[in-house]
Each structure stands twice: as structure tokens, then as C-alpha cells.
Amino acid sequence: MKELFRGRNIRPFRFIVQLLGLGFMFGQMLGLPPFGTHPMLRRIFLPNASCRYINEAPTSCYYYQLQDGLTQGYTDVYIDVILMLLIVLMLIIALGRIWCSWLCPFGLVQEGLMKLRGSVGIPPLKLKWRTRTLLRRVKYAFLFFTVLLSVPIGIGALGIGGCQSTLALPFCQVCPAKGFFTVAQQLLGLEPWSTGLPWIALCSLLVFLIVGFFIDMAFCRVCPMGGVMALLGRFSLPWLRKDPSKCTKCRICLRVCPLDHDRVYEDMDADDVGSEDCTLCGKCVEMCPEEGCLTMMYGPFSVKSSRRPRKMGLWRSLGKKKGPEANNGK
Amino acid sequence: MENEGPRYLKDRKGYFPKDQRQRTRKRSREMEASVSSDLKKQRNRPGKMAYFDEVLKYGGMRFEELREFHKKGGKIVGTLCVMVPLELVNAAGARSVRMCSGYYEPVHPANELLGDAGLCPMVKSTLGRKMVSSDPLIDLIDLVAGPATCDGKMKLAEILEDWVPVVMMNIPRVKVGETSSDLWVKEIVHLKDRLEELTGHPVRKKALKEELSQWNEANQYWSEIQKLRRSERPPISGRDAMLVVQASQFDDIRRWNRKVKELIEELQRMRTKGIFAGEEGAARILLAGSPMIYPNFKIPSIIEGSGGTIVTDELCSGYRLMSDPVLVDGLSKKEIYQAIAERYFFPCSCPCFSPNDERVRRLKEVIKAFGIEGVVFHTLRGCHLNNLEATKIELALREISVPMVRIESEYDEGDIEQVRTRIEAFVEMIKARREYHRNPILEDVQ
Ligand code: SF4
Ligand code: SF4
Ligand code: SF4
Ligand code: SF4
């Protein structure tokens, strides 16, 4: 039965990297020593959700810093925003959407939900093409409105201090991570209950969990951080290559893609079929049945290629099986 | 059923005289025997081919097995097209038999009755076989699964309903992605329901997975054979390869896998010893177009008898039977059915689909990969879909300067000499071309 579900050759490896990433980003919540306390290190912000709402977080999601930098007023805008963005840009170019499927804790949680759904035998709810393309824009809308809201708050902050504290960090207010980490830390006793509960963020956490259970990778479809990485996709080093001459248009890649990234199936001209919704999870590469049709690339190097399904030893002894007509038709 | 009684055949009994049935049976048997003995005469034929001859033999070993199975209450399902998932049929506890006919004689009764002389002879032969019951195997069939692909196949399924229950499958002929996929998944699930009704066994997930992995294994073996055929001097002839893959449509897939494995081992031994099929320096031909069902091996025999070797084909009675595995990701039943449905739908380059640009693109790729020197495009008379695509393909091949010859054929032996003359000329032309147009790809085929 093995060849039916494919020897998974990427997923276990990816899972290990995800766990390491988790330890790196959130270890100190569980008492591991925080990585790097040097102030310079603290200037590095990561392109995805390692959350700021953890006490002593070594570093955090640049999205926090973007909002923070913009809402704080413009005295330190160079250090707070521009330098930070430059560093993030470099990180994105170096690792691209490896940040997503290989490191992002949100991604890991959603994959867990997917796994859970699968193990109770519920098929995923597939979005229609129209909805998908619409959602694709939502992430840019998030990005746009975050900046749009932050800038006037920042301008306001120059004069009136009051509105800054109430309206600060518009995206974080609705980010499920905030809800999760605040409550988690309160439960772990790392933070006093007096901080109060972030109700909005808790609601979105709930929505995130429920929707994520039925729809594969629901949050990634609207994630503004993923959106930025998608925009920079063509400049970043990891990419997904397709050799159209090998493709038989069997649609396996699209069917197994948790994000229904259709370019990987449809595009027959481009070399790079990633970006947009693709989080570089490599599932399509694992499943594509054509030798060398899809390849995960890092710059000019190929990391992993698709191959024809084969068993451990094609010539496995078949002799043990019962007679030709014996084990059929029951 | 609301409309009682036969709709096409007014008088089901006694329309055809008894001796016509006898005659059709006798001629069919003779035809099969002569084609088979022709095949056996091939130079350097692997000994393991004998098994596949036996599976496809008229009234042979496989027929006896199926008759036994049927006598014990087992159900036999006839399929009219490659797009019927045999995994599903077998997982429901039934046995599958490809119904499409390659016999010439049954065309006559169908001609007599239908009054459409221009219809595809394969459709007529299949129908005629049932009408005069020219083959005892056909009479065992309890249910027919017929996707409505081309006009001929669609009406064939409808007419067959006068004799045997039919599941018509509404194949979405405009291939546009999600909507087509959804529709086809529903059709597959409907087929499953009908099969369960027929056999009385529910299709269990376990059985289905077991069947799927058997067929996937068969796919692997087939791609192994294709790999061997790519070599500079293929150890197996095109006709034999077609015979092997067509046998899978009748045989028990487990046994087929075992036998093919033995065959591959023999072929590999042959290759290391430098033994090959066909002639030295034969023209490397790709066979394309309408299906060629055993024993209608007229054109392949002519090609391989006139200095060509069929290195591969793009027929739905050839490589396309086994070209793709079913790969399942999720474990829910819905996902498994979707995987099956999409496997039989999306990679299929049947000319009944539109758009079908994939076919041309695939063909060009295959030509490159197999070092093809010329394409023989065969159409059955009345196959408009293939005829129209032939024009498109001819133009596309001109771009990469691969010659193509178009052959139209009927189900009779009258045109053999004429076809032979054309193919001999074609093969000569290819060989003459070599002087100044050496196919560069041949060198890197291992
Ligand atoms: S709440 Fe969300 S956006 Fe804000 S810092 Fe945490 S992960 Fe980043
Ligand atoms: S797109 Fe998904 S995986 Fe990528 S950063 Fe956003 S939540 Fe994480
Ligand atoms: S899985 Fe591979 S062969 Fe199939 S459509 Fe996708 S890229 Fe093409
Ligand atoms: S396209 Fe492939 S790598 Fe990208 S998200 Fe989909 S399955 Fe993963």
C-alpha cells in the first residue's frame, strides 16, 4: 500500500525543521534560555509570526514592528521601520517562503488541524476558484489597511498621545497569535491575569481554529505576512520549478496542494510556478508522478525532485500472495 | 423501464439466422488464430509472451476462468472505454472485461441493422458481437459501463441497453477544471453505486486501497517496459507490447503483474545479450490515432513487416491504459474517489475532449524521448475526432520536421495491399532521410 500514499520524502524532514523553529521562537516560554539578548539581535525581526506578545521574546514578527514603528511617530522612523524592513527583505530573499511551510508556527498549527481532520475522516472543504482568488486579495487588503491605519495614528502621536495607545497595532488586535499567547502565558503563570483578556484576538483565534479545521490552511490564504513574501517571491532564492515538458496535466499537484495553488498545475510556460498562494510545503513535489517534473529549488540548486512512484525494491517478491482468484471479490 | 422492449432491434429473436451466428463465430475464431500465429512468428519473440497470447485467445484460458466465476454467481462488467476505473469494478467484487472489439466479421450484422455504413467499425463490431453473440465471452457480461465519449460510443452504449443493463457515464467533454472534475466524480460515485447494487457487496475502503495499489504496481511495470522500449534496439515489438497491455483489461491484475514481471526480467536478459525484436536498423515509428484492439493488428503488422518497429504509441488501446498511477493524499472516501476520477479524466488525451492541446504537446515530448523518426497516424473510417486532430498534429509535427503518414482503415482485409504500399514507401523515406537527417535524440537513449 505504500506506493499509493507515496513514501513521503519531504514531510518528516520539514516537521523536524518546524519543531526546531518552534523551539527557537518560543522556547523561553517553556523556560529554555532566550536566544541572544544583544540589542543588535533584537533589531532583527522575522518575516512571519513569532509573536511579540511573549514576554522576553527574543525577537518578533516584523509586522508588529511595522505597526509599532509607524504608530510611534516618526522620530526613529529610520531605525524602526526602514532598517527593519531592509533586514526583513534580506531574510525573505534568503529564505523566501521557507519561512512559511518550514518555520511559521501558524503553518504548523494549521497542519495539525488538517491532520486532525484527516484522521477523523472528514474531507477538506474546498473553496471555489472565485472565493480563492478573492481571498488572495484580502491579504493585501490587510496589509494596506494596517499601514493606512497606522500612519494617521503615528501622525496623531506626534501631537496627541491619547489615540495612540487605544488604536495602536491594528493588525495585532485581530491576530490569533495575540489571543493564543496572552492566554497561554496567563495559564502558564508567566503573566498576571490583570493584563486582561484580548477579546477580539481570542475570537479570531477561535475562528482561526474552527475554520482551519475544515478548510486547509485557511489563515495562510489571508495572511499579510505571506502576502509580502508572495510579492517578493520572484526575488527570493527558494522557488518551485516545473518542467512543463514532463507534465501530463494529471492534476495531482493541484489536488494535493493544501492551498489550492493552481499555478503549479495550470502554468505551462513559466519556469517558476510558486508565489501567490504557494507556501513551499513540497507536497506537490512529493506527489507528482513524473520524473523530474516538479523541483524544489534553492537558487540554481535543485533540492528535491518529483519522481515516479516506486516501492522499496520494485522487484519485491510477489510469490507470497494467494492465487490469482483467491483474494478477490469478498 | 418505461419503454418496454427493444428500441433498435424490432425483432430480437430470429432476426439473424442461426447460421449467421455460427459463421460469425467461426470467422472470428479463425481471424484470431491467424493473427495470433502471425505474432508467434516474430523474430526473437520472448518466451514469456505465450501467457499473454493465452489471455486474449478467443475462448481461451481466461474465458474459461471467467465462465467458472460467472457460474458461481460472480458478476462480469464490460467496459467500453479506458476511462472506466477498473480498480473500482474489481473492488466491488466484479471482474472487468474490455468490450471493444477488434473482430472484423461482426461488423456485417451491425451494418445490416443500423443502416449507418459510415459509422466507426469498432463500434459496429462491438455491437455486432453482442447482437449475434459471436463470442461466448460477451454473453457473460452482466453490466456495461460506457462513458459517453465520442458519438459512436455514446450510441453504442444506448443501443446495447436492448441486450444488457448499461451504466451510461456522462463524461464532461469540455475540460475546464473544477466543474468538470466535480461532475466526473459524481459519475464515478454513481458507477460505484451501480456496481454495489450489481454484486451486493459494498465497496470497502480496504479492498479499494488494495486494488489501487495493485493497479499502481501494474503501472510501474508498464513504465519499466516503456523504458526498455526506449533503447536503441527495443527487445519487444510494438505489437507484443500492445498485446501485453491489452491483456491487463481482461486478466486478473495480480497474476498479470506477476507475469509482466517475469517478462521484464526476460527482456532485460535479452537486452544484456544484445537480442532485440524486429530488423536491424528498423525505422522507429510511433503509432497514433484511433484505437487498435486485438485482433485488429492489421496496421501494426504491416508496419513491423515492412522494416519499421513501433517504438511506442499514443493509443488508448496502448500506453494510455497504464500511463498514470492513482495517488491518494487524504484518507476519506471522498478524496479517494476524487483521486480515482481525476486520474481517469485529466491526463487522458482522448480527442473527444476540448481543449485537447495536451495531446500535441505530449506527442512531441514522446517523439523526443523515444527517438521517433516517423509517425503513423491511423484513423478508423468514421472517426471524425481523430481525423480532425490528425490535421492539427500533422502541422505541429511539421514544425519539428518529423514526417507523418495518415492511414484510414476499415475492419476488413481488402485494403491491406494498399496500406502496405504506402507504409513501405514511408519507411523507405525515413531510412533515406537518415543520411542527412540523423535523429539527434537517438544518441542519448541508453
Ligand atoms: S499578534 Fe500577530 S501580528 Fe502581532 S506580533 Fe503577534 S504574530 Fe505578529
Ligand atoms: S502564510 Fe501561513 S505559513 Fe506563511 S507566515 Fe502566514 S500564516 Fe505563516
Ligand atoms: S502532478 Fe506533476 S505531472 Fe501532474 S499535473 Fe502536476 S506537475 Fe503535471
Ligand atoms: S504548490 Fe506545492 S509547495 Fe506550494 S503550497 Fe501547494 S503543494 Fe505546497
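If you're wondering where the values come from, they're calculated on a predicted model, not measured in any experiment. (Residues numbered from 1 in each chain as written. Chains lettered and ligands numbered in written order. Predicted model: local features only at pLDDT ≥ 70, side-chain atom pairs only at ≥ 80, totals over all residues. Heavy atoms only, no water.)

1. Concerning the overall build of chain A
Then, in step 1: Within chain A one finds 15 helices and three strands.
Then, in step 2: Considering chain A as a whole, with its 330 residues, one finds that 53% of them fall into the buried category.
Then, in step 3: Nonlocal contacts in chain A, meaning residues at least 24 apart in sequence, comprise 69% of its contacts between residues at least 6 apart. (Helix = DSSP H or I, 4+ residues; strand = E, 2+ residues; numbered from the N terminus. Buried < 20%, exposed > 50% of the residue type's maximum accessible area, 1.4 Å probe, protein only. Contact = heavy atoms within 4.5 Å.)

2. Concerning the site of ligand 2
Then, in step 1: In the region of ligand 2, the neighbouring residues are Asn48, Arg97, Cys100, Cys104, Phe106, Phe219, Cys220, Cys223, Gly226 and Met229 of chain A.
Then, in step 2: Across the shell around ligand 2, the residue classes tally to seven nonpolar, two polar and one charged. (Near = heavy atom within 4 Å. Nonpolar A, V, L, I, M, F, W, Y, C, P; charged D, E, K, R; others polar.)

3. Section: the layout of surface pockets
Then, in step 1: Put simply, the second largest pocket is a space of about 740 Å³.
Then, in step 2: If you trace the second largest pocket, you find 36 residues lining it, with Arg11, Met114, Lys115 and Lys283 of chain A together with Asp329 of chain B closest to the centre.
Then, in step 3: Those elements giving two or more residues to the lining of the second largest pocket turn out to be helix H2 (11-26), helix H6 (105-119) and helix H13 (252-256) of chain A together with helix H13 (333-345) of chain B.
Then, in step 4: The leading source of residues in the lining of the second largest pocket is H6 of chain A, at eight residues. (1 Å grid on protein atoms, 1.4 Å probe; cavity = no way out; pocket = protein on both sides within 12 Å on 5 of 7 lines; lining within 4 Å. Points joined across faces, edges and corners; volume = space filled by probe spheres on them.)

4. A short note on the site of ligand 3
Then, in step 1: Within the structure, ligand 3 sits among 14 residues, and Cys247, Cys250, Arg251, Cys253 and Cys288 of chain A are positioned closest to it.
Then, in step 2: Taken together, the residues of the shell around ligand 3 break down into nine nonpolar, one polar and four charged.

5. Section: the packing of helix H5 (residues 107-114) of chain B against helix H6 (residues 121-131) of chain B
Residue and element names in this part refer to chain B.
Then, in step 1: Interaxial distance between H5 and H6 falls to 7 Å at its minimum, and their mutual angle equals 95°. Taken together, the axis directions place H5 and H6 in an arrangement best described as roughly perpendicular. Residue-level inspection shows Val107, Pro109, Ala110, Asn111, Leu113 and Leu114 of H5 in contact with H6, the latter providing Pro121, Lys124, Ser125, Leu127, Gly128 and Met131. (Axes fitted to C-alpha atoms, helices over the stretch in contact; angles between N-to-C directions. Parallel < 35°, antiparallel > 145°, perpendicular 65-115°, else oblique.)

6. Some thoughts on the sheet that holds strand S3 (residues 301-305) of chain A
Residues and elements named next belong to chain A.
Then, in step 1: Read across the open sheet, the three strands follow the order S1-S2-S3; overall the sheet is antiparallel. Here the strands that pair on one side only, and so sit at the sheet edges, are strand S1 (238-242) and S3. Neighbour-to-neighbour, the strand axes of this sheet turn through a mean angle of 30°, independent of strand direction.
Then, in step 2: Sheet topology note: the strand S2 (residues 294-298)/S3 ladder contains four bridges and is antiparallel. Along S3, the bridge assignment pairs Met296 with Lys304. (Pairing = 2+ DSSP bridges.)

7. Looking at the domain arrangement of chain B
Residues and elements named next belong to chain B.
Then, in step 1: Assigned domains within chain B: domain 1 (18-203) and domain 2 (219-445).
Then, in step 2: A straight line from the C-alpha centre of domain 1 to that of domain 2 covers 21 Å.
Then, in step 3: Counting from both sides, the interface comprises 60 residues of domain 1 and, opposite them, 60 residues of domain 2.
Then, in step 4: Here domain 1 packs against domain 2, burying approximately 5600 Å² in sum over the two surfaces, 65% of which is carbon and sulfur.
Then, in step 5: For the pair domain 1 and domain 2, the interface holds three salt bridges.
Then, in step 6: The salt bridge involving Glu65 is made with Arg255; its shortest N-O contact spans 2.7 Å.
Then, in step 7: For the interface between domain 1 and domain 2, the tally reads 23 residue pairs in polar contact (both at pLDDT 80 or more).
Then, in step 8: Of all the secondary structure elements, the ones that give two or more residues to the side of domain 1 that touches domain 2 are helix H1 (18-40), helix H2 (49-56), helix H3 (61-71), helix H4 (86-91), strand S2 (95-98), H6 and helix H8 (178-199). (Domains from an automatic or database assignment. Buried area = accessible area lost by both parts, 1.4 Å probe. Salt bridge = Lys/Arg side-chain N within 4 Å of Asp/Glu carboxyl O. Polar contact = N/O pair within 3.5 Å; in protein donor to acceptor, adjacent residues only side chain to side chain.)

8. What about the packing of H2 of chain B against helix H11 (residues 253-273) of chain B?
All names here are of chain B.
Then, in step 1: Where H2 contacts H11, the axes come no closer than 9 Å and their chain directions differ by 145°. Residues Met49, Tyr51 and Phe52 of H2 lie in contact with H11, whose contacting residues are Arg255, Trp256, Lys259, Val260 and Leu263.
Then, in step 2: Looking at side-chain class alone, the contact of H2 with H11 contains six nonpolar, no polar and two charged residues.

9. Quick look at the side chain of Glu410 of chain B
All names here are of chain B.
Then, in step 1: As for its position among the elements, Glu410 is in the loop between strand S8 (404-409) and helix H16 (416-433).
Then, in step 2: One buried charged residue, Glu410, forms no salt bridge at all, with the nearest opposite charge on Arg381 at 4.1 Å.
Then, in step 3: Among residues more than four places away in sequence, those in contact with Glu410 are Pro121, Lys298, Arg381 and Asp415. (Lys, Arg positive; Asp, Glu negative; His and termini not counted.)

10. Topic: the pattern of salt bridges
Then, in step 1: Here the structure, examined in full by the defined rule, presents 47 salt bridges over all chains.
Then, in step 2: Residues Arg254 of chain B and Glu210 of chain B are paired through a salt bridge, measuring 3.8 Å at the closest nitrogen-oxygen approach. With a gap of 44 residues between them, Arg254 of chain B in helix H11 and Glu210 of chain B in helix H9 (residues 205-229) connect regions that are remote in the sequence.
Then, in step 3: Judged by its relative accessible area of 5%, Arg254 of chain B falls in the buried class.
Then, in step 4: For the salt bridge of Arg361 of chain B with Glu358 of chain B, the shortest nitrogen-to-oxygen distance reads 2.3 Å. Of this pair, Arg361 of chain B and Glu358 of chain B both sit in helix H14 (residues 357-370), three residues apart, which is roughly one turn of the helix.
Then, in step 5: Residues participating in the shared-partner salt-bridge network are Arg132, Arg136, Lys139, Asp262 and Asp277 of chain A together with Glu178 of chain B.

11. Structural notes on the domain arrangement of chain A
Residues and elements named next belong to chain A.
Then, in step 1: The domain architecture assigned to chain A consists of domain 1 (11-155 + 163-229) and domain 2 (238-327).
Then, in step 2: Facing 21 residues of domain 1, the contacting portion of domain 2 comprises 17 residues.
Then, in step 3: Together, the buried faces of domain 1 and domain 2 total about 1700 Å²; carbon and sulfur atoms form 44% of this surface.
Then, in step 4: Counting the surface domain 1 buries against domain 2, the share from its top three residues, Arg11, Arg97 and Arg136, is 32%.

12. Some words on the sheet that holds strand S3 (residues 143-147) of chain B
All names here are of chain B.
Then, in step 1: Taken together, the four strands give an open sheet; going across it, the order is S2-S1-S3-S4, and neighbouring strands pair in parallel fashion. Edge positions in the sheet fall to S2 and strand S4 (166-169), since each of these pairs with one other strand and no more. Direction aside, the axes of adjacent strands within the sheet are offset by 25° on average.
Then, in step 2: Helix H7 (residues 151-160) rests against S3 and S4 of the sheet, and its axis sits at about 155° to S4.
Then, in step 3: Relative to the sheet, H8 contacts strand S1 (76-79), S3 and S4, its axis offset from that of S4 by approximately 170°.

13. Details of empty space enclosed by the protein
Residues and elements named next belong to chain B.
Then, in step 1: By the definition in use, this model includes 14 cavities of 30 Å³ or more.
Then, in step 2: Quantified by volume, the largest cavity comes out at close to 270 Å³.
Then, in step 3: In terms of lining residues, the largest cavity is bounded by 23 residues, among which Leu56, Tyr103, Arg129, Leu137 and Phe250 are the most central.
Then, in step 4: Elements represented by at least two residues in the lining of the largest cavity include exactly H2 and H3.
Then, in step 5: In terms of residues, the lining of the largest cavity owes the most to one element, H3, which gives three residues.
Then, in step 6: In the lining of the largest cavity, the residues fall into 12 nonpolar, six polar and five charged.
Then, in step 7: Counting the residues that make up the lining of the largest cavity, at least three belong to each of domain 1 (18-203) and domain 2 (219-445).

14. Looking at the nonpolar core
Residues and elements named next belong to chain B.
Then, in step 1: Phe52 and Met83 are the most contacted members of the largest nonpolar core, which has 182 residues in total.
Then, in step 2: Of all the elements, H9 adds the most residues to this core, at eight residues.
Then, in step 3: Ignoring sequence-local partners within four residues, the contact set of Met83 consists of Pro147, Thr149, Ile171, Trp184, Tyr344, Cys348, Cys350, Cys352 and Phe353.
Then, in step 4: Counting residues in hydrophobic clusters, the runner-up holds 17 residues, among them Val360, Ala390, Val402 and Met404. (Core = buried A, V, L, I, M, F, W, Y, C linked by side-chain atoms within 4.5 Å.)

15. Comments concerning a nonpolar patch on the surface
Then, in step 1: Together, Val109, Val120, Ile122, Leu125, Leu206, Val207, Leu209, Ile210, Val211 and Phe214 of chain A give the surface a local cluster of nonpolar side chains, amounting to about 830 Å² of exposed area.
Then, in step 2: Summarising the element assignment, Ile122 of chain A is placed in the loop between H6 and helix H7 (129-159). (Patch = residues over 30% accessible without salt bridge, like charges linked within 9 Å, V, L, I, M, F, W, Y side chains within 5 Å. Areas by Shrake-Rupley, 256 points an atom, 1.4 Å probe, with all protein chains shown as cover.)

16. Here's the deal with the pairing of S2 of chain B
Residue and element names in this part refer to chain B.
Then, in step 1: With burial as the criterion, each face of S2 is covered, one bearing Arg95 and Val97 and the other bearing Ser96 and Arg98.
Then, in step 2: Inspection of the sheet shows S1 paired to S2 by four bridges, in the parallel sense. For Ile76, the partnering residue across the bridge sits in S2 and is Arg95.
Then, in step 3: Chirality of the crossover, the property in question, places the unit of S1, H4 and S2 among those that are right-handed. (Right-handed = clockwise from strand over helix to strand, strands pointing away.)

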